[in-house]
Amino acid sequence: MTNKRLAMESQAIHAGEFHDPSGAHIAPIHQTSTFSFPDMDTVARWGAGEVEADIYTRVGNPTRRALAAKLAALESIGLDGSVDVGAEIFSSGMAAIAASLMGLARAGDHVITQNVLYGSTDHLVSDVLPEYGVTTSRVPGLDPDRLEQELATRPETTAVFLETPANPTMRIIDIATTVAIAHEHGAKVVVDNTFATPVLQRPLSLGADVVVHSTTKYINGHGTVIGGAAVYRDAAELGDRIARLIKFTGGVPSSFDCWLTNLGLKTLPLRMERHCANATEVAAFLADHEKVVAAHYPGLVDHPGHEVAAKQMDGFGAMIAFDLGSYAAAARFLDGLELCALAVSLGNIDSLVEHPASMTHRVVPPEQRQAAGITDGLVRMSVGLEAVGDIIDDLEQALAL
Ligand SMILES: *Cc1c(COP(=O)(O)O)cnc(C)c1O
């Protein structure tokens, strides 16, 4: 069910849900590889396009479709009803990102991105796509003048890819401005919306063509699944270019994983509210602490992207990066944490803290890391849903060591 008039919180619970004939209130898990036809007459009518049927789970499965419909509904809020939005769920965020870029850029085409991207996306863009004849280039922060110049010199550009807020430095990119420039040059815009989620930021409503997610993070929210999604406008055209690839590249999620992710997604609006409230207090605590050299959180008024974030987001999220000045100080702090876990990933109900230079961004060459602001003292935190007083107490005792 999708009712465009329902608010975000209601859509998160009801959109895409289906009820099975047993009367079970919660949709069952269609844990099956294949689907049987009742008879050859149905096969013939399915073949003629007269009836729809699931035939094989790589191609389609009701549990996966329910999750796709829910996510499409949430990303569509704010769009007028004439935009036909489609979505596909993949077995990881990277499968969704790879399908989106493969769908939009073919051999001879060009892709432009900002300078710092999620580590595996960075590798895909720098090393893998060029092996298939897709050239790529970087424009730091997708600065509007430099983007305009790059598009003018690379007329074969078919896609501009961006992340905002960006991992791990929390840099903000203006989505509407990027869209206006890219569209003028005939390029589509893909936004990785993993850090913000549709609750805080809806890139399609700002003109973007494709939104990708690592559903592993906030959308599932409980740390139980690796998953991804691509949501796109012009469902017929972009679905044919992007979603169709799941069938041929095979990044298919299990039905159980889709079911768990759908369950998590139902509480996303509620979780994001508390994630943001906790992060606001944690960021204020860190910004004031004498041992913290710099705190990067778009909700802080002195963050360079604060105004753009306030304009294009409905909240500042719960990812914070902060600099403790040296590797030794960062390591002492991370070793001293008791409540927060030392772990990569983010968006879980529990607080996770990591050291980008040794963990998520270990493979980025040191010079490129420095240029991107990923210093040896930088710590990244995904603020969880514990009582904020307990989170701050833990940070305080570890900072005192
Ligand atoms: C985790 C993440 C990805 C990759 O997603 P996987 O589910 O791990 O494949 C892509 N982009 C961002 C911003 C991420 O945080």
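The structure we're discussing is the one just above.
Residues numbered from 1 in each chain as written. Predicted model: local features only at pLDDT ≥ 70, side-chain atom pairs only at ≥ 80, totals over all residues. Heavy atoms only, no water.

Colleague: How should the overall build of the protein chain be read in this particular structure?
Modeller: Helices and strands together make up the secondary structure of the protein chain, namely 16 helices and 12 strands. By the compact-globule yardstick of 21 Å for 401 residues, the protein chain fits well, its C-alpha radius of gyration being 21 Å. Seen through its C-alpha atoms, the protein chain measures out along the principal axes to roughly 75 × 55 × 35 Å. For the protein chain, with 401 residues in total, the buried portion stands at 54%. Here the protein chain has roughly 16800 Å² of accessible surface; of this, 54% comes from carbon and sulfur atoms. (Helix = DSSP H or I, 4+ residues; strand = E, 2+ residues; numbered from the N terminus. Rg over C-alpha atoms; globule rule 2.2 N^0.38 Å. Buried < 20%, exposed > 50% of the residue type's maximum accessible area, 1.4 Å probe, protein only. Areas by Shrake-Rupley, 256 points an atom, 1.4 Å probe, with all protein chains shown as cover.)

Colleague: Honestly, helix 16 (residues 388-399) in this entry has me stumped. Any pointers?
Modeller: It helps to recall that an α-helix has 3.6 residues per turn; residues three or four apart then point in one direction. A rise of 1.5 Å per residue sets the reference length of helix 16, with its 12 residues, at 16 Å; its end C-alpha atoms lie 16 Å apart and thus fit the reference within 8%. When helix 16 is considered as a whole, its buried residues turn out to be V388, I391, I392, D394, L395, A398 and L399. What you see down the axis of helix 16 is that its buried residues fit within an arc of 155°, all on one side. Its buried side turned inward, helix 16 meets helix 12 (268-288), helix 14 (327-336) and strand 12 (378-382). (Expected span 1.5 Å × (residues − 1). Arc of directions from axis to C-beta. Contact = heavy atoms within 4.5 Å.)

Colleague: Help me understand the sheet that holds strand 3 (residues 135-138) in this model?
Modeller: Note: strands within a sheet are paired through backbone hydrogen bonds, in either parallel or antiparallel orientation. The strand order 1-7-6-5-4-2-3 describes an open sheet built from 7 strands, whose pairing is mixed. Since the sheet does not close on itself, it has two edges, and those belong to strand 1 (86-90) and strand 3, each with one partner. With direction set aside, neighbouring strand axes in the sheet form an average angle of 20°. Sheet topology note: the strand 1/strand 7 (residues 228-232) ladder contains 5 bridges and is antiparallel. Paired with G86 across the bridge in strand 7 is Y232. Set on the sheet, helix 9 (residues 235-243) makes contact with strand 1, strand 5 (188-192), strand 6 (210-214) and strand 7; between it and strand 7 the angle comes to about 150°. (Pairing = 2+ DSSP bridges. Axes fitted to C-alpha atoms, helices over the stretch in contact; angles between N-to-C directions.)

Colleague: Which parts of the structure should I look at to understand unusual backbone geometry?
Modeller: Apart from glycine, the bulk of residues carry a negative phi angle, and the bulk of peptide bonds sit in the trans form. Of the consecutive residues T164 and P165, the connecting peptide bond is found in the cis state with omega at -10°. For T197, which is not glycine, the phi dihedral falls at a positive 70°. In this fold, T197 is placed in helix 8 (residues 197-200). With phi around 75°, S345 is a residue other than glycine that occupies positive phi space.

Colleague: How do you make sense of the site of the ligand when you look at a structure like this?
Modeller: As a matter of local geometry, the ligand sits amid 14 residues, with M94, D192, S214, T216 and K217 nearest to it. Here an oxygen atom of the ligand and a backbone polar atom of M94 are 2.9 Å apart. In this structure, a nitrogen atom belonging to the ligand sits 2.7 Å away from a side-chain N or O atom of D192. For the ligand, whose accessible area on its own is 380 Å², the fraction buried by protein is 93%. Ranked by residue count, the leading element in the shell around the ligand is helix 4 (residues 93-104), at 3 residues. Its residues assigned to classes, the shell around the ligand comprises 6 nonpolar, 6 polar and 2 charged. (Near = heavy atom within 4 Å. Polar contact = N/O pair within 3.5 Å; in protein donor to acceptor, adjacent residues only side chain to side chain. Nonpolar A, V, L, I, M, F, W, Y, C, P; charged D, E, K, R; others polar.)

Colleague: Just to check I follow, could you spell out helix 2 (residues 40-47) for this structure?
Modeller: Of the residues that open helix 2, the one with a side-chain oxygen 3.3 Å from the backbone nitrogen of D41 is D39. Two residues or fewer past helix 2, G49 is found with a positive phi of approximately 80°.

Colleague: In this structure, what is going on with the sheet that holds strand 12? I would like to understand it.
Modeller: The sheet built from 5 strands is open, its strands ordered 8-9-12-11-10 with mixed pairing. Every other strand in the sheet has two partners, leaving strand 8 (294-296) and strand 10 (341-342) as the edge strands with one partner each. The pairing of strand 9 (residues 319-323) with strand 12 spans 5 bridges and is classified as antiparallel. Within strand 12, the residue paired with A321 across the bridge is R380. Against the sheet, helix 12 touches strand 8, strand 9 and strand 12, its axis set at about 10° to strand 9.

Colleague: It is not clear to me how the side chain of K70 should be interpreted in this structure. Could you clarify?
Modeller: Within the secondary structure, K70 sits in helix 3 (residues 62-76). The contact partners of K70, leaving out residues within four places of it in the chain, are Q11, A12, I13, H14, A15, G16, E17, N262, L265 and K266.

Colleague: Sorry if this is basic, but what is going on with the packing of helix 6 (residues 144-153) against helix 7 (residues 175-184) here?
Modeller: Each pair of packed helices can be summarised by the angle the axes make with each other and by the distance between the axes. Packing of helix 6 against helix 7 brings their axes to within 10 Å, and their N-to-C directions diverge by 15°. Compared by their axis directions, helix 6 and helix 7 come out roughly parallel. Regarding helix 6 and helix 7, the two cross each other, and that crossing is right-handed. Every residue of helix 7 that contacts helix 6 at P144, L147, E148 and L151 is listed here: T177, T178, I181, A182 and E184. (Parallel < 35°, antiparallel > 145°, perpendicular 65-115°, else oblique. Left-handed = near helix turned anticlockwise from the far one by under 90°.)

Colleague: What is the right way to read the state of the cysteines from this model?
Modeller: What we call a disulfide is simply a covalent bond connecting the sulfur atoms of a pair of cysteines. Under the definition given, this model contains 0 disulfides. Residue C276 stays outside any disulfide, its sulfur separated by 17 Å from that of C340, the closest cysteine. Accessibility expressed as a relative area gives 5% for C340, which makes it buried. (Disulfide = S-S within 2.5 Å.)

Colleague: Explain the pairing of strand 3 to me, please; I cannot follow it from the model alone.
Modeller: Along a regular strand, successive side chains alternate from one face of the sheet to the other. With 4 bridges joining them, strand 2 (residues 110-113) and strand 3 adopt parallel strand pairing. Bridge assignment links H110 to a residue of strand 3, and that residue is T135. Traced from strand 2 through helix 5 (residues 119-131) to strand 3, the parallel crossover comes out right-handed. (Right-handed = clockwise from strand over helix to strand, strands pointing away.)

Colleague: Is there a simple way to think about the packing of aromatic side chains in this case?
Modeller: What describes a pair of aromatic rings is the distance from one ring centre to the other and the angle between the planes of the rings. Following the criterion strictly, the structure yields 3 aromatic pairs and no others. A ring pair is formed by F256 and W259, whose centres lie 6.5 Å apart and whose planes are at 15°; its orientation type is stacked. Of this pair, F256 and W259 both sit in helix 11 (residues 255-266), 3 residues apart, which is roughly one turn of the helix. According to the relative accessible area criterion, F256 is partly exposed, its value standing at 39%. On the basis of an interplanar angle of 80° and a centroid distance of 5.7 Å, the ring pair of F322 and F333 is categorised as edge-to-face. (Phe/Tyr/Trp six-rings, centres within 6.5 Å; stacked < 30°, edge-to-face > 60°.)

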